[in-house]
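Per-entry structural report
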Amino acid sequence: MRFRLHNIYLKFIILTTSICRMSSLSTWEGMWQDLDPGTAFDVAQPSKCLEAVIDSLPIGKTLVPGAGRAYDAALLASKGNPVIALDISKTAIKKAGSYLASLSDDDPLKPKEGSIELICDDFFEYSPKDGPFDLVWDCTFLCALDPSQRQDWAKTTSSLLGPKGVLCTMIFPI
């Protein structure tokens, strides 16, 4: 692979096997239906891991797969990155839109108009319309995939990154 890899491991958090292995549309859609901010895997704020490394990441076209409510997308956009927040769940994308719209004008995470595009699509089938990404921020997306999909994740991620693109990922021990 032709990209730098930043790994941040959190050993004190382990997702249950049932959550880690869920990757189907119906499963994720069902989980997002009644998910409140701050419950289960929704941390109700940008990732502390992303906050810790964001100043060392490149500024450029950014993909956030499994974006959920788009907390991390908002933080990345606040640093000047045009962001694609991608999720397979229509409900997650709707909740992301509601979250972003709820941010007050004086909130530093309030994205500039057009800086975040919310897209409901399957990561493995997604094809960007404007070429490759400079940065992919994967916050536990890989962990949530069935282990049989890891090779496809690597191939897809590599194909989405430009020649000097950076993958930054926060994964739990898997």
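Scroll up to find the structure.
Just so it is clear, the model here is predicted, and its values are computed rather than measured.

1. Notes on the overall build of the chain
- Per the secondary structure count, the chain includes 7 helices and 6 strands.
- Order of helices (α) and strands (β) in the chain, N terminus to C terminus: β-α-α-α-β-α-β-α-β-β-α-α-β.
- For the chain, buried positions account for 48% of its 174 residues.
- Once local pairs closer than 6 in sequence are excluded, the contacts in the chain between residues at least 24 apart make up 74%.
- Accessible area for the chain stands at about 9000 Å²; split by element, carbon and sulfur atoms hold 54% of it.

2. Considerations on the pattern of salt bridges
- Summed over the entire model, instances satisfying the criterion amount to 3 salt bridges.
- Between Glu51 and Lys48 there is a salt bridge; the shortest N-O distance is 3.6 Å. Of this pair, Glu51 and Lys48 both sit in helix 3 (residues 48-53), separated by 3 residues, roughly a single helical turn.
- The exposure class of Glu51 is partly exposed, given its relative accessible area of 37%.
- What makes Lys48 exposed here is its relative accessible area of 52%.
- Residues Glu117 and Lys129 are paired through a salt bridge, measuring 3.4 Å at the closest nitrogen-oxygen approach. Of this pair, Glu117 sits in strand 4 (residues 116-120) while Lys129 sits in the loop between strand 4 and strand 5 (133-139); the two residues are 12 residues apart in sequence, bridging distant segments of the chain.
- Given a relative accessible area of 31%, Glu117 falls into the partly exposed group.

3. Section: unusual backbone geometry
- In this model, Ala70 sits at a positive phi of 75°, which is unusual for a non-glycine residue.
- Structurally, Ala70 can be placed in the loop between strand 2 (62-65) and helix 4 (71-78).

4. Some points on the nonpolar core
- Counting 27 residues, the largest nonpolar core has Leu76, Ile116 and Trp137 as the members making the most contacts within it.
- Mapped by element, the contributors of at least two residues to this core are helix 3, helix 4, strand 3 (83-87), helix 5 (90-102), strand 5 and strand 6 (161-171).
- With 6 residues, helix 4 is the largest single contributor of residues to this core.
- Those residues within four positions of Leu76 in sequence are excluded, and the remaining contacts are Leu50, Ile54, Thr62, Val64, Asn81, Val83, Leu135 and Trp137.
- Grouped together as the second largest cluster of nonpolar side chains are 18 residues, Phe133, Leu142, Cys143 and Leu145 included.

Reading guide: rules and limits
Residues numbered from 1 in each chain as written. Predicted model: local features only at pLDDT ≥ 70, side-chain atom pairs only at ≥ 80, totals over all residues. Heavy atoms only, no water. Helix = DSSP H or I, 4+ residues; strand = E, 2+ residues; numbered from the N terminus. Buried < 20%, exposed > 50% of the residue type's maximum accessible area, 1.4 Å probe, protein only. Contact = heavy atoms within 4.5 Å. Areas by Shrake-Rupley, 256 points an atom, 1.4 Å probe, with all protein chains shown as cover. Salt bridge = Lys/Arg side-chain N within 4 Å of Asp/Glu carboxyl O. Core = buried A, V, L, I, M, F, W, Y, C linked by side-chain atoms within 4.5 Å.

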